Amino acid sequence: MNKSQAKKLIIVNLAFWFVAALLPQMVRLLPTGSGDPPKIFEMLIPMFFILLAGGSTYLLKAAIGKPRDE
């Protein structure tokens, strides 16, 4: 993997975790009739975190498995 590919991988990985960090705050901003976040989000948010972690892990595994071009 050359430097530009490594840099892209790091940026995408950081974007995954940036979204994961902002997601709960964004959900709390959604307006509802009762003023509380919808109950479905109690299940969806952890599932979304797991998907983001899986995507990040997949990207890193793919990067580690690639031969290094110098």
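Scroll up to find the structure.
In what follows, the accompanying structure is described.

Cut-offs applied
- Residues numbered from 1 in each chain as written.
- Predicted model: local features only at pLDDT ≥ 70, side-chain atom pairs only at ≥ 80, totals over all residues.
- Heavy atoms only, no water.
- Helix = DSSP H or I, 4+ residues; strand = E, 2+ residues; numbered from the N terminus.
- Rg over C-alpha atoms; globule rule 2.2 N^0.38 Å.
- Buried < 20%, exposed > 50% of the residue type's maximum accessible area, 1.4 Å probe, protein only.
- Polar contact = N/O pair within 3.5 Å; in protein donor to acceptor, adjacent residues only side chain to side chain.
- Patch = residues over 30% accessible without salt bridge, like charges linked within 9 Å, V, L, I, M, F, W, Y side chains within 5 Å.
- Areas by Shrake-Rupley, 256 points an atom, 1.4 Å probe, with all protein chains shown as cover.
- Salt bridge = Lys/Arg side-chain N within 4 Å of Asp/Glu carboxyl O.
- Expected span 1.5 Å × (residues − 1).
- Bend = angle between axes of the 7 residues up to and from the residue.
- Contact = heavy atoms within 4.5 Å.
- Axes fitted to C-alpha atoms, helices over the stretch in contact; angles between N-to-C directions.
- Parallel < 35°, antiparallel > 145°, perpendicular 65-115°, else oblique.
- Nonpolar A, V, L, I, M, F, W, Y, C, P; charged D, E, K, R; others polar.

1. Examining the overall build of the protein
When its secondary structure is counted, the protein shows 2 helices and 0 strands. For 70 residues, the compact-globule estimate of 2.2 N^0.38 gives 11 Å, and the C-alpha radius of gyration of the protein, at 17 Å, exceeds that figure by more than 25%. Along the longest, intermediate and shortest principal axes, the C-alpha atoms of the protein span 60 × 20 × 10 Å. Looking at the protein residue by residue over its 70 residues, the buried ones come to 17%.

2. Some details on the side chain of Asn-13
Position of Asn-13 relative to the elements: it lies in helix H1 (residues 3–28). A polar atom in the side chain of Asn-13 sits 2.3 Å from the side chain of Ser-56.

3. Digging into a nonpolar patch on the surface
Residues Phe-18, Leu-22, Met-26 and Leu-29 make up a contiguous nonpolar surface patch of roughly 450 Å² in combined accessible area. The residue Leu-22 is located in helix H1 in this model.

4. Examining H1
For an α-helix, the turn length of 3.6 residues means that residues three or four places apart are oriented alike. In this model H1 runs 39 Å from its N-terminal to its C-terminal C-alpha over 26 residues, within 8% of the 38 Å that 1.5 Å per residue would give. Along H1, the sharpest kink reaches roughly 35 degrees, centred on Leu-22 and followed within four residues by the proline Pro-24. Within H1 the residues assigned to the buried category are Leu-9, Asn-13, Ala-20, Leu-23, Pro-24 and Val-27. Buried residues along H1 sit in contact with helix H2 (41–65).

5. Quick word on the packing of H1 against H2
Contact pair H1 / H2: the axes reach a minimum separation of 10 Å and the direction vectors enclose 175 degrees. By the angle between their axes, H1 is roughly antiparallel relative to H2. Residues Leu-9, Val-12, Asn-13, Phe-16, Trp-17, Val-19, Ala-20, Leu-23, Pro-24 and Val-27 of H1 touch H2, and the partners they reach there are Phe-41, Ile-45, Phe-48, Phe-49, Leu-52, Ala-53, Gly-55, Ser-56, Leu-59, Leu-60 and Ala-63. By residue class, the composition of the contact of H1 with H2 is 18 nonpolar, 3 polar and no charged.

6. Some thoughts on the environment of Asn-2
Here Asn-2 shows up in the segment before H1. You can call Asn-2 partly exposed: its relative accessible area is 32%. Sequence spacing of Asn-2 and Gly-55 is 53 residues, and the spatial spacing of their C-alpha atoms is 21 Å.

7. Quick look at H2
Counted at 1.5 Å a residue, the expected span for H2 with its 25 residues is 36 Å, and the 35 Å between its end C-alpha atoms agrees. Here H2 has its buried residues at Ile-45, Leu-52, Gly-55, Ser-56 and Ala-63.

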